[in-house]
Amino acid sequence: MSSLPIRNINKLSHLFQPATSTITTSKKTELSSKSYENLVKYGLIKQVANGMYAFLPLGLRVLNKLIALVDTEVEKIGAQKLLLPALTSTHLWRKSNRFNDNINEFFKLRDRSRREYILSPTHEEAICSVVSSVGSLSPKMFPLRLYQISNKWRDEMKPKLGFLRSREFIMKDLYTFDIDLDRAKETYALVCETYENIFKKIGITHIKAIGDPGTFGGSMSHEYHYISSIGEDNVYTCLSCQYSINKVMCKESQCPECGSVLEQNRTAEVGHTFLLDTKYTVPLEVTLRVNKEIKPLVMGCYGLGLSRIFTVMTELLSTKEELRWPKNLAPYTVCIIPPKNTLNYWKSSYARPRNRIPICCYNW
């Protein structure tokens, strides 16, 4: 018998797992995939509206293990966890000059006083507002690294494949503030190293590629991808030196580092890092007084799409008939199913009545 302690025992008969034999789609042309079909069919997620899904108990166990893994690694670099409101005033987005660029992607609403808000797809403006409202910060507080894991919203035109492109999704977003650009670059390198550790612990091969900063802006950007046919990106990779770049950023057919031919892969983006410099801290007045001089802080933002990782890793590991997970993220470690003739089994000389257990799932 193992000497390891049993942490949790859960009866399979008590599990809320509404399995279904068919997948209902609103259109015959709607895309599907083995991961999406299995997650719905075996009762890990449940569609509640177009582009919006509930995590059911088994699916939530996987997500919580992924969150715990991310928490552990991010907190190793001194990041502090917080939770920002889901609603952000459009006033802040107008100050950063991003509101009009993204207006069609927002869920917008007004309160009873007619103040306008958006359901936040990201929180650069919100975190800057929090930090700037604190007042004078001590230089001893820096580097300041604040992160959250929370629901985000985007009014996708064509939601598809569960959390691959959904209207509500779960994301880890880390925001860093440094005194100058050199220190911000050090933080950027440290967070990228942390991301590498996270993906190594998940255990599925990933690609780190030079990325498109898009509307986020900034002076440096990298994307993290899984090679997958259900993805929407294309990444060029050099097989000689491993240089990688998103296709939209690539202007050459050969690797600029070594001159070798670049190989194209269909990928799904699951993470993105940005060195934003002072793009947000200047308009939102996130400053520090140094030797009687007021200077804007240098900012970075770092996102991991946790619900998207949940979806894509399922697609990569599973077969058409069954779901498979990385061992450290599986809903349960062991499932024990005793013989049907339980009474005779427990009377045998090899069984001990005190160990009598129904169908159970264990975590060690």
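Please refer to the structure higher up on the page.
This text gives an overview of the structure that appears in the document. Please read all numbers here as calculations on a predicted model, not as lab measurements.

### Description of the sheet that holds strand β5 (residues 87–89)
With respect to topology, three strands assemble into an open sheet ordered β5-β7-β6, the strand pairing being antiparallel. The outermost strands of the open sheet, each flanked by one partner alone, are β5 and β6 (107–110). Direction aside, the axes of adjacent strands within the sheet are offset by 35° on average. Two strands pair when backbone bridges link them, and β5 and strand β7 (residues 116–119) are joined in this way by three bridges, in the antiparallel orientation. Residue Thr88 lies in a different strand from β7, and its bridge partner there is Ile118.

### Description of the environment of Val270
Mapping Val270 onto the fold places it in strand β14 (residues 262–277). The spacing of Val270 and Met171 is 99 residues in sequence and 9.7 Å in space, taken between C-alpha atoms. Sequence-distant contacts of Val270, that is, excluding residues within four places in its chain, are made with Phe199, Tyr224, His225, Tyr226, Leu304, Gly305, Arg308, Ile309 and Val312.

### Considerations on helix α4 (residues 124–133)
Listed in full, the buried residues belonging to α4 are Glu124, Glu125, Ala126, Ile127, Cys128 and Val131. Of the surrounding secondary structure, the elements contacted by the buried residues of α4 are β5, α3 (90–95), β8 (144–153), β9 (168–178), β14 and β17 (298–305). Two residues or fewer past α4, Gly135 is found with a positive phi of approximately 100°.

### Here's the deal with the nonpolar core
Judged by nonpolar contacts, the single largest core of 52 residues is most densely connected at Ile202, Leu306, Ile309 and Trp325. Leave out the neighbours within four places in its chain, and Trp325 touches Leu39, Leu44, Val62, Phe310, Met313, Thr314, Leu317, Ala330 and Pro331. Counting residues in hydrophobic clusters, the runner-up holds 22 residues, among them Ile179, Leu284, Val286 and Cys301.

Definitions and cut-offs
- Residues numbered from 1 in each chain as written.
- Predicted model: local features only at pLDDT ≥ 70, side-chain atom pairs only at ≥ 80, totals over all residues.
- Heavy atoms only, no water.
- Pairing = 2+ DSSP bridges.
- Helix = DSSP H or I, 4+ residues; strand = E, 2+ residues; numbered from the N terminus.
- Axes fitted to C-alpha atoms, helices over the stretch in contact; angles between N-to-C directions.
- Contact = heavy atoms within 4.5 Å.
- Buried < 20%, exposed > 50% of the residue type's maximum accessible area, 1.4 Å probe, protein only.
- Core = buried A, V, L, I, M, F, W, Y, C linked by side-chain atoms within 4.5 Å.

Shape is all these values report; function is a separate question.
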